Amino acid sequence: MIKSMTGFGRAEAVTKEWKITVELKSVNHRYLDLNIKMPRKLNLFEGQIRNLMKTYMQRGKVDVFITYEDYTAGSVALKYNRDLAAEYLGYFKEMEEEFQLKNDIGVSALSRYPEVLTMEEQPVNEEKLWTCLEGPLHEACRRFVDTRETEGRNLKNDLLIKLEALDEKVSAVEARSPEVVRVYREKLEAKVHELLEDSQIDDNRIAAEVVIYSDKICNDEETVRLHSHIQGMKKILTEKEGIGRKLDFMAQEMNREANTILSKSNDIEISDIAIDLKTEIEKIREQIQNIE
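From a predicted model like this one, the values you see are computed outputs, not experimental measurements.

Some words on helix α7 (residues 243–264)
Link 1 in the chain: Spanning 22 residues, α7 covers 32 Å between terminal C-alpha atoms, matching the ideal 32 Å at 1.5 Å per step.
Link 2 in the chain: Looking at α7, one finds that the buried residues are Ile243, Gly244, Leu247, Asp248, Met250, Ala251, Glu253, Met254, Asn255, Glu257, Ala258 and Ile261.

Okay, structure coming up:
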């Protein structure tokens, strides 16, 4: 199913020990760019998180926000560095004797010196924590994909409408082309009559000039390829994976054909249609940039 690269998903898990919230949001990007922001305590799971998310998405700049609350009373412990406290007191004693100062250091003052008392995180059960984290990760990704698919259906419908309009314009170029040749022949014959007046006109020479002109402005190959590319795009829209890159390549080819039609044309009507073709193709390319 066609998917947009714009998406959003959120999920959370709450247990007696932890509360974990996962939030995803994405915008267009040529490749998959995962930007994960999470507490330091969860950094050990970064590789697993990335591998899990790659099973749900292929392209897009995805911002991942993970928050973590620990409800366990033993998550941190106060650590007393006895040796360091003794070293502080030893230096204070030396300073008292050397400078004849009163040693007024008490317990509360000593405890505030760096590293005497520290908060130390306790080891956690990594397997159990990952199990708690994995659930909301999957759920957030599923919701994320759902929003991408919903937007993708809208993109597909819009592209199909645009492709139909594009096909009609290509048919208009095909319908106009023979008329351009007919008008050119009439003008050429009139010009020759004007120049030669009553002299005999060589119909074979006129026909040869018309053939040369027809070859010069002929856009049959371009219109046939454009019809083919339009049908190819419709087929790609029914595929499951790698849709965005294929469509982008096809749009580039379509734009090349429209440019060729415009460069060959010396007819105002065909030139106007060719400009419309380029405009519509550009609109299609803009939409394709949103497809995964």
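As for the pairing of strand β3 (residues 32–37)
Link 1 in the chain: Note: β3 against strand β4 (residues 60–70), six bridges, orientation parallel. Along β4, the bridge assignment pairs Lys37 with Phe65.
Link 2 in the chain: The parallel pair β3 and β4, bridged by helix α1 (residues 46–54), forms a crossover whose chirality is left-handed.

Re the pattern of salt bridges
Side chains carrying opposite charge are able to pair once their charged atoms draw close together.
Link 1 in the chain: One pass over the full model with this rule turns up 19 salt bridges.
Link 2 in the chain: Notably, a salt bridge pairs Glu46 with Arg50, separated by 3.2 Å at the nearest N-O pair. Here Glu46 pairs with Arg50, and both are found in helix α1, just four residues apart, close to one helical turn.
Link 3 in the chain: Arg50 sits in the partly exposed class, given a relative accessible area of 27%.
Link 4 in the chain: Because the salt bridges share partners, they merge into one network encompassing Glu221, Glu222, Arg225 and Glu257.

What about the packing of aromatic side chains?
Link 1 in the chain: All told, the structure shown has four aromatic pairs when counted by the stated rule.
Link 2 in the chain: Aromatic side chains Tyr88 and Phe92 sit 6.2 Å apart centroid to centroid with 20° between the ring planes, which places their arrangement in the stacked category. You can see Tyr88 and its partner Phe92 sitting in helix α2 (residues 82–99), four residues apart, about one turn around the helix.
Link 3 in the chain: Seen in terms of ring centroids, Phe92 and Tyr113 are 5.5 Å apart; in terms of plane orientation they differ by 55°. Their pairing is tilted. Taken together, the residues span a long stretch of sequence, with Phe92 in helix α2 and Tyr113 in the loop between α3 (107–111) and β6 (117–121) at a distance of 21 residues.
Link 4 in the chain: A network of ring pairs unites the aromatic residues Tyr88, Phe92 and Tyr113 as a single cluster.

With respect to a nonpolar patch on the surface
Link 1 in the chain: A cluster of nonpolar side chains, contributed by Leu78, Tyr80, Leu117 and Met119, occupies part of the molecular surface with about 440 Å² of accessible area.
Link 2 in the chain: Where the nonpolar patch is concerned, the elements lending two or more residues are β5 (76–80) and β6.
Link 3 in the chain: With respect to the secondary-structure elements, Leu117 resides in strand β6.
Link 4 in the chain: Under the relative-accessibility criterion, Leu117 is labelled partly exposed at 36%.

A short note on the nonpolar core
Link 1 in the chain: Residues Leu24, Ile49, Met53, Met57, Ile66, Leu133 and Leu137 are the most contacted members of the largest nonpolar core, which totals 29 residues.
Link 2 in the chain: Counting only elements with at least two residues in this core, the list comes to β1 (7–14), β2 (18–27), β3, α1, β4 and α4 (126–196).
Link 3 in the chain: Broken down by element, this core gets its largest block of residues, nine residues, from α4.
Link 4 in the chain: The next biggest cluster of nonpolar side chains, apart from the first, holds 27 residues, and it includes Val173, Met233, Ile236 and Ile261.

So, the sheet that holds β2
Link 1 in the chain: Reading across the sheet, the four strands line up as β1-β2-β4-β3 and stay open at both edges, with mixed pairing between neighbours. Edge positions in the open sheet fall to β1 and β3, since each of these has one partner strand only. Across the sheet, the axes of successive neighbouring strands diverge by a mean angle of 10°, strand direction being ignored.

Considering the pairing of β1
In summary, the side chains of a regular strand alternate between the two faces of the sheet.
Link 1 in the chain: Here β1 shows a clear split, with Gly7, Gly9, Ala11 and Ala13 buried on one side and none of Phe8, Arg10, Glu12 and Val14 buried on the other.
Link 2 in the chain: In this sheet, β2 lies alongside β1 in antiparallel orientation, the contact comprising eight bridges. Bridge pairing links Gly9 to Leu24 in β2.

Section: the packing of α7 against helix α8 (residues 268–288)
Link 1 in the chain: Contact pair α7 / α8: the axes reach a minimum separation of 9 Å and the direction vectors enclose 165°. The angle between the axes of α7 and α8 places the two elements in the roughly antiparallel class. The crossing of α7 and α8 is left-handed. Here α7 contributes Gly244, Leu247, Asp248, Ala251, Gln252, Met254, Asn255, Ala258, Asn259, Ile261 and Leu262 to the contact with α8, which in turn contributes Ile270, Ser271, Ala274, Ile275, Leu277, Lys278, Ile281, Arg285 and Ile288.
Link 2 in the chain: In the contact of α7 with α8, the residues fall into twelve nonpolar, five polar and three charged.

So, the environment of Asp276
Link 1 in the chain: Position of Asp276 relative to the elements: it lies in helix α8.
Link 2 in the chain: Judged by its relative accessible area of 35%, Asp276 is partly exposed.
Link 3 in the chain: A sequence separation of 110 residues divides Asp276 from Leu166, and the C-alpha atoms of the two residues are 8.7 Å apart.

Examining the side chain of Arg59
Link 1 in the chain: Locating Arg59 in the fold gives a position in the loop between α1 and β4.
Link 2 in the chain: Although buried, Arg59 forms no salt bridge, and the nearest oppositely charged side chain, Asp248, lies 6.8 Å from it.
Link 3 in the chain: Among the polar contacts made by the side chain of Arg59, one reaches the main-chain carbonyl oxygen of Arg30 at a distance of 3.4 Å.
Link 4 in the chain: The contacts of Arg59, once residues within four sequence positions are left out, are Met5, His29, Arg30, Tyr31, Leu32, Arg148, Gly244, Arg245, Ile291 and Glu292.

Conventions adopted
Residues numbered from 1 in each chain as written. Predicted model: local features only at pLDDT ≥ 70, side-chain atom pairs only at ≥ 80, totals over all residues. Heavy atoms only, no water. Helix = DSSP H or I, 4+ residues; strand = E, 2+ residues; numbered from the N terminus. Expected span 1.5 Å × (residues − 1). Buried < 20%, exposed > 50% of the residue type's maximum accessible area, 1.4 Å probe, protein only. Pairing = 2+ DSSP bridges. Right-handed = clockwise from strand over helix to strand, strands pointing away. Salt bridge = Lys/Arg side-chain N within 4 Å of Asp/Glu carboxyl O. Phe/Tyr/Trp six-rings, centres within 6.5 Å; stacked < 30°, edge-to-face > 60°. Patch = residues over 30% accessible without salt bridge, like charges linked within 9 Å, V, L, I, M, F, W, Y side chains within 5 Å. Areas by Shrake-Rupley, 256 points an atom, 1.4 Å probe, with all protein chains shown as cover. Core = buried A, V, L, I, M, F, W, Y, C linked by side-chain atoms within 4.5 Å. Axes fitted to C-alpha atoms, helices over the stretch in contact; angles between N-to-C directions. Parallel < 35°, antiparallel > 145°, perpendicular 65-115°, else oblique. Left-handed = near helix turned anticlockwise from the far one by under 90°. Contact = heavy atoms within 4.5 Å. Nonpolar A, V, L, I, M, F, W, Y, C, P; charged D, E, K, R; others polar. Lys, Arg positive; Asp, Glu negative; His and termini not counted. Polar contact = N/O pair within 3.5 Å; in protein donor to acceptor, adjacent residues only side chain to side chain.

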